Amino acid sequence: MPAPLVGLDIGGTKTAAALVGPDGEVLGRRLAPTPAGSGPAAVLDTAARLARELLDRGGAGPVGVGTAGTVDPATGTIRYATDSLPGWSGTPVADELAERLARPVRVTNDVNAAALGESWVGAGRDRRDLLLVAVGTGLGGAMLQHGRIVTGARGGAGEVGHLPAPGAERLRCGCGRYGHLEGVASGTGLSAAYALGTGLRITGRAVAERAAAGEPTAREVVDRAATALGRALAGLVALLDPQAVVLAGGAADALLPGARAAFTAELPVAWADVPLIPAALGADAVVVGAARLAGHHPPGHGRLDGDSPAVVTDERTSA
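All values derive from a computational prediction rather than experimental measurement.

J.: I would appreciate a short explanation of the side chain of asparagine 109 in the present structure.
T.: Structurally, asparagine 109 can be placed in strand β7 (residues 105–109). With a relative accessible area of 11%, asparagine 109 lands in the buried category. A distance of 2.8 Å separates a polar side-chain atom of asparagine 109 from the backbone nitrogen of valine 111. Discounting chain neighbours no more than four positions away, the residues touching asparagine 109 are Gly66, Thr67, Gly69 and Val71.

Below you can see the structure in the form of structure tokens.
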């Protein structure tokens, strides 16, 4: 029986680690606040400490990491990250953690890791061609083809939030531009659209709660966001030809009914059997997917192996 593996989830507010068995079962967890304001070294120290605690409990082999930011698929270095992790851009996460842990480290974006987890033991179980979209504060995406994450040339494939979206022309995307899908179909998008209609700035979660309670303006905001998201996902299905689309993230529940209706109406007939389904693993998706990344995907050099984007040993050998 293979030994359990350790997966890490490094985010702007929390860092999580899990000991994951060969069947995808989480056998142990560790959680700590991310010391983002103290800089990348402190963030890496925290991640290494959590991983070490679980390695001491029987974890073996490489360690997998799902992290916020765009990850260079060849080196495991962060190409770009938002201000939620100050100074994270340019951080050689794979090298730094491999040195701290004295073992191979494999790194990918957190949404990519979530897609691996959901495909392995979650909502997309046994589906090797999958599109996962995470609707939270922002809007992220990941694509699996033949069980492997598509990274693209720069590690940024799957950024569905930057697709143009009708109705988002007055709403600002996290990238700073206007008219993108993230500007309407995300937590910040719901908040901004509600503020335009009422003059009140509340959280996206609060907008969703008001919509569920029947408030007309909130309901209109959520319906518009859900329709934009569902139509965009239907177009992506025609482009990418996945077996299923998985919707994850904190705002997914609020948007799923309307998104599914628009998705079904917009799907070309040839893809009418592709379902839009809710994610199943919740907060464990990234750590489970990171463990999957660590143990089940050998290094390679093709751009279709983003599920093993960086394999770095303590001797500094990298894929």
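J.: It is not clear to me how the pairing of strand β4 (residues 63–67) should be interpreted in this structure. Could you clarify?
T.: The side chains of a regular strand alternate, residue by residue, between the two faces of the sheet. Buried residues dominate β4, accounting for five of its five residues. Burial along β4 is two-sided: the residues Val63, Val65 and Thr67 and Gly64 and Gly66 are all buried. Direction of pairing for strand β1 (residues 5–10) relative to β4: parallel, over a ladder of five bridges. Residue isoleucine 10 lies in a different strand from β4, and its bridge partner there is threonine 67. Across five bridges, β4 lies against β7 in parallel orientation. Each bridged residue has a counterpart across the sheet, and for glycine 64 the counterpart in β7 is arginine 106.

J.: Looking at this structure, how should I read the nonpolar core?
T.: Taken as a class, soluble globular proteins show a tendency for nonpolar side chains to be buried jointly. Ranked by internal contacts, the top residues of the largest apolar core, which has 44 residues, are Val133, Leu181, Val184, Leu229, Leu233, Leu247 and Phe263. Of all the elements in the fold, those that place two or more residues in this core are β8 (130–135), β9 (139–145), α4 (187–198), α5 (204–212), α6 (216–240), β11 (244–248) and α7 (252–266). Examining the composition of this core, we find that twelve residues originate from one element, α6, more than from any other. In contact with phenylalanine 263, not counting residues within four places along its chain, are Gly230, Leu233, Ala234, Val237, Val245, Val274, Pro275 and Leu276.

J.: Before we go on, may I ask you to explain the pattern of salt bridges in this structure?
T.: Tallied over the entire structure, the rule returns eleven salt bridges. Note that arginine 79 and aspartate 72 form a salt bridge whose closest N and O atoms lie 3.2 Å from each other. Classification of arginine 79 as partly exposed rests on a relative accessible area of 43%. Residue classification places aspartate 72 among the buried residues on the basis of a relative accessible area of 15%. One network of salt bridges, with partners in common, ties together Arg30, Arg49 and Glu53.

J.: How do you make sense of the sheet that holds β4 when you look at a structure like this?
T.: Strand pairing in a sheet relies on backbone hydrogen bonds, with the paired strands running either antiparallel or parallel. On the basis of which strands lie adjacent, the open sheet formed by five strands has the order β3-β2-β1-β4-β7 and mixed pairing. What marks the edges here is a single partner per strand, and that holds for β3 (26–33) and β7. Each strand axis lies, on average, 15° off the axis of its neighbour in the sheet, ignoring direction. Packed on one face of the sheet, helix α1 (residues 40–55) meets β1, β2 (14–20), β3 and β4 and runs near 155° to β3. Each of β1, β2, β4 and β7 is contacted by helix α3 (residues 110–121), which is oriented at about 100° to β7, the strand it contacts most.

J.: Just checking my understanding: could you explain the packing of α4 against α5 for this structure?
T.: Each pair of packed helices can be described by the angle between their axes along with the distance between the axes. The contact between α4 and α5 brings their axes to 7 Å, and the two run at 65°. The orientation of α4 relative to α5 falls into the category roughly perpendicular. Here the hand of the crossing between α4 and α5 comes out left-handed. Contacts from Gly187, Leu190, Ser191 and Tyr194 in α4 reach Gly204, Val207 and Arg210 in α5. Partitioning the contact of α4 with α5 into residue classes produces three nonpolar, three polar and one charged.

Reading guide: rules and limits
- Residue indices begin from 1 for each chain and proceed along its sequence in written order.
- Where totals are concerned, whole chains, interfaces and linings use all residues; where local detail is concerned, this predicted model gives features only for residues with pLDDT of at least 70, and gives and counts side-chain atom pairs only at 80 or more.
- Computation of side-chain values: all heavy atoms of the structure, hydrogens and water removed.
- Starting at the N terminus, helices and strands are each numbered in turn, a helix being any DSSP run of H or I of at least four residues and a strand any DSSP run of E of at least two.
- Think of it in three bands: with a 1.4 Å probe and only protein chains considered, a residue is buried below 20% of the maximum accessible area for its type, exposed above 50%, and partly exposed in between.
- Whenever a nitrogen or oxygen atom comes within 3.5 Å of another N or O atom, the pair is scored as a polar contact, on the condition that within protein one atom can donate a hydrogen and the other can accept it, and that pairs from neighbouring residues in sequence are kept only if both atoms are in side chains.
- In this analysis, two residues are considered to be in contact whenever any of their non-hydrogen atoms come within 4.5 Å of each other.
- Strand pairing follows a simple DSSP-based rule, namely that at least 2 bridges must link the two strands.
- We define the nonpolar core as a collection of buried residues of types Ala, Val, Leu, Ile, Met, Phe, Trp, Tyr and Cys that are connected through side-chain atoms lying within 4.5 Å of one another.
- Basic side-chain nitrogens of Lys or Arg form a salt bridge, by our definition, when they fall within 4 Å of a carboxyl oxygen of Asp or Glu.
- Between N-to-C directions, angles cover 0 to 180 degrees, with each direction set by a line fitted to C-alpha atoms, over the stretch in contact for helices.
- Geometric relationships in this document are graded by angle, where less than 35 degrees denotes roughly parallel, more than 145 denotes roughly antiparallel, 65 to 115 denotes roughly perpendicular, and other angles denote oblique.
- Working rule for handedness: look at the near helix, and if it is turned counterclockwise from the far one by less than a right angle, call the crossing left-handed; if clockwise, right-handed.
- Lys, Arg, Asp and Glu make up the charged group, whereas Ala, Val, Leu, Ile, Met, Phe, Trp, Tyr, Cys and Pro make up the nonpolar group; the residues left over, Gly among them, are polar.

Keep in mind that these numbers describe shape and distance, not what the molecule does.
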